[in-house]
Amino acid sequence: MVQSNSSPINILLYNPDNEVTNNFMPHLWMFLLKSLTPPGHEVYLVDGNTERLSETEMVAYIRERSIGLVGIGAMTRMIRKAYQMADAVRRAGVPVVMGGPHVTELPDEALGRDGRPRHADAVVLGEADRIWPDVVADAQRGQLREVYADRDEAGARIQPSLDDYPVIPWEHMDLDSFNLIRHFPGWARRMLAHVGMTWQSFQLFPVETGRGCPYGCEFCSVTGFFGNSVRFRSNDSVVEELLTLKKLEKRQKGKVAVFFIDDNLAINPKRAKSLLREIISRGAQVPWVGQISINLLRDEELVSLIAESGGKWIFIGLESIDPENLKSVRKGFNKPDEYGDILALLARHRIYAITSFIFGMDGDRPGIAQHTLRMIRSWPPGLPVFGLLTPYPGTPLYDRLAAAGRLSRPQHWLEFKPFVMDYTPLGISSEQAEAEVREAWADSYSPEANARAMQWLESSSFADRVIHFFSRLAFRGIYFPQMGRREWATVLFRNRRAALRLILDAYRMRRRARRA
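Values in this document were obtained by computation on a predicted structure and should not be read as measured data.

A. Just the sheet that holds strand β11 (residues 288–291), in detail. One open sheet holds the six strands; their spatial order is β7-β10-β11-β12-β13-β14, and the pairing between them is parallel. The open sheet has two edge strands with one neighbour each: β7 (202–207) and β14 (383–388). Between one strand and the next, the sheet's axes are offset by a mean angle of 20°, whatever the strand orientation. Where strand β13 (residues 352–359) and β14 come together, six bridges link them in parallel fashion. Bridge assignment links Thr355 to a residue of β14, and that residue is Pro384. Along the sheet, helix α9 (residues 235–252) contacts β7 and β10 (255–260); its crossing angle with β10, the most-contacted strand, is approximately 155°.

If you want it as structure tokens, here you go:
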């Protein structure tokens, strides 16, 4: 099925799932590349998180649509599934081009140059914005090169400017599979309708305002992929995209929220404030989530602008409550003695935190979970997430552990196991670190913890309480499998007191509205 002429081709862009957890937000890269595809070609999008295809189903899909090129993007935790699907596509005679952070660091693995089976006909190294049209043109001629990389005359990788960022036509994209309302239980949808929240859809859109991060944390792959120089879209470009989403919300009679996927939305505070002020002045506010490091959230003016511009949740990589641990992974700019005050500042502005923690650092000892949980309980309620320190290929952490001979699973991505250690920490066994993570998840999302959070939020709006309650149930599913109806029914039963309280409040609100 390889194309040998210059006629337009049908292209499939595929984002694999990791076969463990689901992602309820579209991956931006597919929509971005579709927008950058030269006219005349038909581009199909499949996200494995909402449309899980077997290898047989994938082959049937590409044959039914006469696909001439399949593009697969994947992070390390998804690469095993990506390779499996790529192999099936190539066996069917369709060329595969792969890209993303993992392939950028290990192109020889994808191309079979490491002595193992080949998975891709071509790879794209780094950001594909400028070279994607070349990939499509070569595929159209049936002359794909093995490696595509946007480099200057000296061979250095080019980090594309975001000045001419493409317009993504969200209003013409089929996003029904990402409608979160579909995942709400029937009684929850009825409860929301009783209090006037009659949304027919609720969708979370990824929006990018900038790329790059100068911090260089030892475990992070961002700097390796996007570089340490930060580039921004224009404020006008971002605001116009938000206004488009607001129009879409009105047309769909639904609710739209945005996840600003920048690795650090406020890395340049002056620019961040300028963007937020423009969002406010042009009436482009939508509820949004963003990622911001805690050292930048000391600024109350910034926090106030976040709230006024629609900010509801901030993802914060706290990582550890031990300053020495933080220094050991090059994140010493986090100051644990400031965590509580900054989280309280956010809460005063009705902004809540998704706080991430990493266990298994060399400074950890048995009991780290309880030590961390005691501190978390002293803060306003949020959504804590816990993971294990994972050495991703291409990161300084991976190189350091490999050089020291400490990797227990040097190619852990080829046998993906969530919440399993891939090296041996110095102060705690691998098994104990895994147990600490399990304990932290179980305690943080127990019915008792959920009830405490809802009690703390008693004075908040009904909408805030509903969103927080269902967010807590959904976040629990990051660690504990609950994808089926039976698992969800069990979770709801265990949290029945908090659920019933919300239901009663909904009916009281409805009665008051009828009397008014």
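B. Local environment of the pattern of salt bridges. According to the stated counting rule, one finds 35 salt bridges in the structure shown. Between Glu127 and Arg211 there is a salt bridge whose closest N-O contact spans 2.5 Å. Of this pair, Glu127 sits in the loop between β5 (122–125) and α6 (132–141) while Arg211 sits in strand β8 (residues 210–211), and the two are 84 residues apart along the sequence. Neither residue differs from the other here; Glu127 and Arg211 are each classed as buried. In this structure, Glu415 and Lys417 form a salt bridge, with 3.5 Å as the shortest nitrogen-oxygen distance. Here Lys417 falls in the partly exposed class, since its relative accessible area comes to 39%. What emerges from the salt-bridge pattern is a single network uniting Glu127, Asp129, Glu208, Arg211 and Arg231.

C. Structural context of the packing of aromatic side chains. Under the criterion given, the structure shown has 19 aromatic pairs. Relative to Phe333, the ring of Tyr215 lies with its centre 4.3 Å away and its plane at 40°, an arrangement referred to as tilted. Of this pair, Tyr215 sits in the loop between β8 and α8 (222–226) while Phe333 is found in the loop between α12 (323–328) and α13 (336–348), placing the two residues 118 residues apart along the sequence. Geometrically, the ring pair formed by Phe419 and Trp441 is edge-to-face, given 6.3 Å between the ring centres and 75° between the ring planes. With Phe419 in the loop between α15 (396–403) and α16 (430–444) and Trp441 in helix α16, the pair connects residues that are 22 residues apart, well separated along the chain. For Trp441, a relative accessible area of 1% puts it in the buried group. These aromatic residues form a ring-pair network of at least three members: Tyr339, Phe357, Phe359, Trp379, Phe386, Phe419, Trp441, Tyr445, Tyr479 and Phe480. Note that Arg65 overlies the ring of Tyr61, its terminal NZ or CZ placed 3.6 Å from the centroid. If you follow Arg496 out to its NZ or CZ, it ends over the ring of Phe493, 4.2 Å from the centre.

D. Fine view of helix α11 (residues 300–308). Along α11, the residues that are buried comprise Leu302, Val303, Leu305 and Ile306. When α11 is viewed along its axis, its buried side chains cluster within an angular range of 160° and face the same direction. Where α11 is buried, its residues meet α10 (269–281), β11, β12 (311–319) and α13. Where α11 begins, one side-chain oxygen reaches toward the backbone nitrogen of Glu301, 3.0 Å away; that side chain belongs to Asp299. Positioned one or two residues after α11, Gly310 has a phi angle of 110°, which is positive.

E. Molecular detail of the sheet that holds strand β3 (residues 67–73). Sheet architecture is open: six strands sit in the order β2-β1-β3-β4-β5-β6, paired in parallel fashion. For this open sheet the edge positions go to β2 (42–47) and β6 (147–149), each flanked by a neighbour on one side alone. Each neighbouring strand pair of the sheet contributes to a mean axis angle of 20°, computed without reference to strand direction. Those strands touched by helix α2 (residues 55–64) are β1 (10–15), β2 and β3, and its axis lies near 155° from that of β1.

F. Representation of the side chain of Asp262 within the structure. Tracing the backbone through its elements, the reader meets Asp262 in the loop between β10 and α10. Buried and unpaired, Asp262 has no salt bridge, with Arg271 as the nearest side chain of opposite charge at 4.6 Å. A polar contact is formed between the side chain of Asp262 and the backbone nitrogen of Gly210, at a distance of 2.7 Å. Beyond its immediate stretch of four places on either side in the chain, Asp262 contacts Val207, Glu208, Thr209, Gly210 and Gln291.

G. Spatial organisation of the pairing of β12. Most of β12 is tucked away: seven of the nine residues are buried. Note that β11 and β12 share four bridges and pair parallel. Residue pairing across strands places Gln291 opposite Phe315, the latter belonging to β12. Inspection of the sheet shows β12 paired to β13 by six bridges, in the parallel sense. The partner of Ile314 across the bridge, within β13, is Ala353.

Each value, and the rule that gives it
- Residues numbered from 1 in each chain as written.
- Predicted model: local features only at pLDDT ≥ 70, side-chain atom pairs only at ≥ 80, totals over all residues.
- Heavy atoms only, no water.
- Pairing = 2+ DSSP bridges.
- Helix = DSSP H or I, 4+ residues; strand = E, 2+ residues; numbered from the N terminus.
- Axes fitted to C-alpha atoms, helices over the stretch in contact; angles between N-to-C directions.
- Contact = heavy atoms within 4.5 Å.
- Salt bridge = Lys/Arg side-chain N within 4 Å of Asp/Glu carboxyl O.
- Buried < 20%, exposed > 50% of the residue type's maximum accessible area, 1.4 Å probe, protein only.
- Phe/Tyr/Trp six-rings, centres within 6.5 Å; stacked < 30°, edge-to-face > 60°.
- Lys NZ or Arg CZ within 6 Å of the ring centre and 35° of its normal.
- Arc of directions from axis to C-beta.
- Polar contact = N/O pair within 3.5 Å; in protein donor to acceptor, adjacent residues only side chain to side chain.
- Lys, Arg positive; Asp, Glu negative; His and termini not counted.

These figures come from the coordinates and say nothing about function on their own.
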